[in-house]
Amino acid sequence: VWSIDYGSEDGVVLTAPNVNLLPEYSDNLSVRLVKYFEPVGLVGFGLFHNTIKDLISDVTLTPDEFGYDGDEPVDLVQTRDNLADDISVNGYEFEFNHAMDYLPGALAGLTVRGSYSHTNPSVVLPRVAQQVANLGFAWRYGRARLNLNAVWSDEKDRGLTNDITNAFGLVINQKQPFDDYLEVNMSGAFTLIPRTSGNWLSLEAYFSANNLFDQNR
């Protein structure tokens, strides 16, 4: 789908399809060890190695590089293309999930879960973080439920942005990576009318609050 963004910080940006785009293929090898606990819980660790051919990637080009010959003047063209060389991605991941049903009273309804992954691609992948961590808490007691989830990712490569001219008159390609990012979301619910075998109608009050710390890249 062709579209033009007139309000971009990089100027007028055309988004265009690539009719020559090829499907990507990958060979994947992974090993994972998991220990399960009763009643609900696990600890897991895994290693993986992926080899990818014709990786599809978002690219930003000048109009001349893309071959744009339209009447509408544009500053940049965003499209998708296949990488010329095969790439490999190595990494590991850790995860856990633990139900704290042994705690007293209302605390027995608490569950904590989390994960961490680290990838090491052979080339820099635009808009893909090498480190991602998740941490979540879930609590249930009677008719009440609460969930708190956090996700963190490190710096992401943005890809090449618009060229700039420095003080010496040289035109250089600038790279402006996305900063590391933390997002925390909360949701909860309270059952006002529970569903039972003799009552098909149920009523629940629900709330959701996203990005509690107003983070952005």
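The structure we're discussing is the one just above.
About the criteria used
Once a new chain begins, its residue numbering starts again from 1 and follows that chain's sequence as written. Local features in a predicted model are, by the rule used here, given only for residues with pLDDT of at least 70; side-chain atom pairs are given and counted only at 80 or more, and totals for whole chains, interfaces and linings are based on all residues. Only heavy atoms go into the side-chain values, all of them from the structure, while hydrogens and water stay out. Here a helix means four or more residues in a row that DSSP labels H or I, a strand means two or more in a row labelled E, and each is numbered from the N terminus. We compute the radius of gyration from the C-alpha atoms alone; for a globule the expected value is 2.2 Å times N to the 0.38, where N is the number of residues. Working definition: with a 1.4 Å probe on protein chains only, accessible area under 20% of the residue-type maximum means buried, over 50% means exposed, and in between means partly exposed. Note that accessible areas follow from Shrake-Rupley with a 1.4 Å probe, and for residues the cover is restricted to the protein chains shown. Note on definitions: salt bridges are taken to be side-chain nitrogens of Lys or Arg within 4 Å of carboxyl oxygens of Asp or Glu.

Visitor: How do you make sense of the overall build of the protein chain when you look at a structure like this?
Guide: Each helix and strand counted, the protein chain has 1 helix and 14 strands in total. Rg of the C-alpha trace for the protein chain: 24 Å, well past the compact-globule value of 17 Å for 217 residues, more than 25% over. For the protein chain, buried positions account for 24% of its 217 residues. A total accessible area of about 14,600 Å² is found for the protein chain, and carbon and sulfur atoms account for 56% of it.

Visitor: I tried to follow the pattern of salt bridges on my own but got confused; where do I start?
Guide: Here the idea is simple: oppositely charged side chains can pair when their charged atoms come close. According to the stated counting rule, one finds 3 salt bridges in the structure shown. The partner of Arg 80 in a salt bridge is Asp 58, with the nearest N and O atoms 3.0 Å apart. Linking Arg 80 in strand β6 (residues 76–82) with Asp 58 in strand β5 (residues 56–61), this pair joins segments that are 22 residues apart in sequence. For Glu 204, the salt bridge is made with Arg 145, and the minimal N-O distance between the two is 2.9 Å. Placement of Glu 204 in strand β14 (residues 203–209) and of Arg 145 in strand β10 (residues 144–153) is noted, with a sequence separation of 59 residues between them. Residue Glu 204 is classed as partly exposed on the basis of its relative accessible area of 39%. Exposure remark for Arg 145: the relative accessible area of 22% places this residue in the partly exposed category.

Function cannot be read off these values alone, since they describe shape.
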